[in-house]
Amino acid sequence: MARAALSGNGVLITEDAAEFREALPDGGPLLGLDLGTKTIGTATCDGGWRFATNGSTLQRGKFGRDRELLRALIKDRRTAGIVMGLPLNMDSSEGPRAQSSRAYARNLAESFDLPILLWDERWSTQSAEAAMIGQDMSRAKRAQSLDSHAAAVILQGAIDRLAGGIL
């Protein structure tokens, strides 16, 4: 069951794509995030929600530092909303990583006045790695960009749902 909440400053945090789309009636570029313990993979999409492109992989630090790095991306891309991976267990239950991601989303909502969609990220890393192997990318290059490619997989899944109207 999809859950939605408002942050302390009234920003939407939801798992419901339809609700997220309603918060963005004019579309707009989105920022995709794959939150890891050591890195944050980023991806962006066009304002019409057609295609996601992997971005950079940021070294994760204290939230204040992360916030400033993300602020620069959000400003540069004129971001309308954030799609963040939610690491669910294979049985759809939530473990400590999912709870950590929810807490991070709340911190983002307090920092930026942008709606946040939490998107099931199961298999995103495996899918990204398989695609990079299919492109004959070396193991070293895959290691450097895996998180940003996973963010693009997460974001593409979300925008396919958002733009396709299959809600």
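Residues numbered from 1 in each chain as written. Predicted model: local features only at pLDDT ≥ 70, side-chain atom pairs only at ≥ 80, totals over all residues. Heavy atoms only, no water.

> Help me understand the side chain of Thr79, please; the structure alone is not making it clear to me.
Note on placement: Thr79 falls in the loop between helix H2 (63-77) and strand S6 (81-86). Since its relative accessible area comes to 9%, Thr79 is described here as buried. With sequence-adjacent residues up to four places away left out, Thr79 is seen in contact with Pro29, Leu30, Leu31, Leu73, Ile74 and Leu114. (Helix = DSSP H or I, 4+ residues; strand = E, 2+ residues; numbered from the N terminus. Buried < 20%, exposed > 50% of the residue type's maximum accessible area, 1.4 Å probe, protein only. Contact = heavy atoms within 4.5 Å.)

> For this particular structure, what's the right way to read the side chain of Asp46?
Residue position: Asp46 is located in the loop between strand S4 (39-45) and strand S5 (52-59). Reaching out from Asp46, the side chain makes a polar contact with the backbone nitrogen of Arg50 at a distance of 3.0 Å. (Polar contact = N/O pair within 3.5 Å; in protein donor to acceptor, adjacent residues only side chain to side chain.)

> When you look at the pairing of strand S3 (residues 30-35) in this model, what are you seeing that I'm missing?
A regular strand carries its side chains on alternate faces of the sheet. Taken across its six residues, S3 has six buried, putting it largely inside the fold. Neither face of S3 is exposed, since Leu30, Gly32 and Asp34 on one face and Leu31, Leu33 and Leu35 on the opposite face are all buried. In terms of strand pairing, S3 meets S4 through six bridges, oriented antiparallel. Considered in S4, the bridge of Asp34 is made with Gly41. Connecting S3 to the antiparallel partner S4 that follows it, the hairpin turn spans three residues. Across four bridges, S3 lies against S6 in parallel orientation. (Pairing = 2+ DSSP bridges.)

By themselves these figures say nothing about function.
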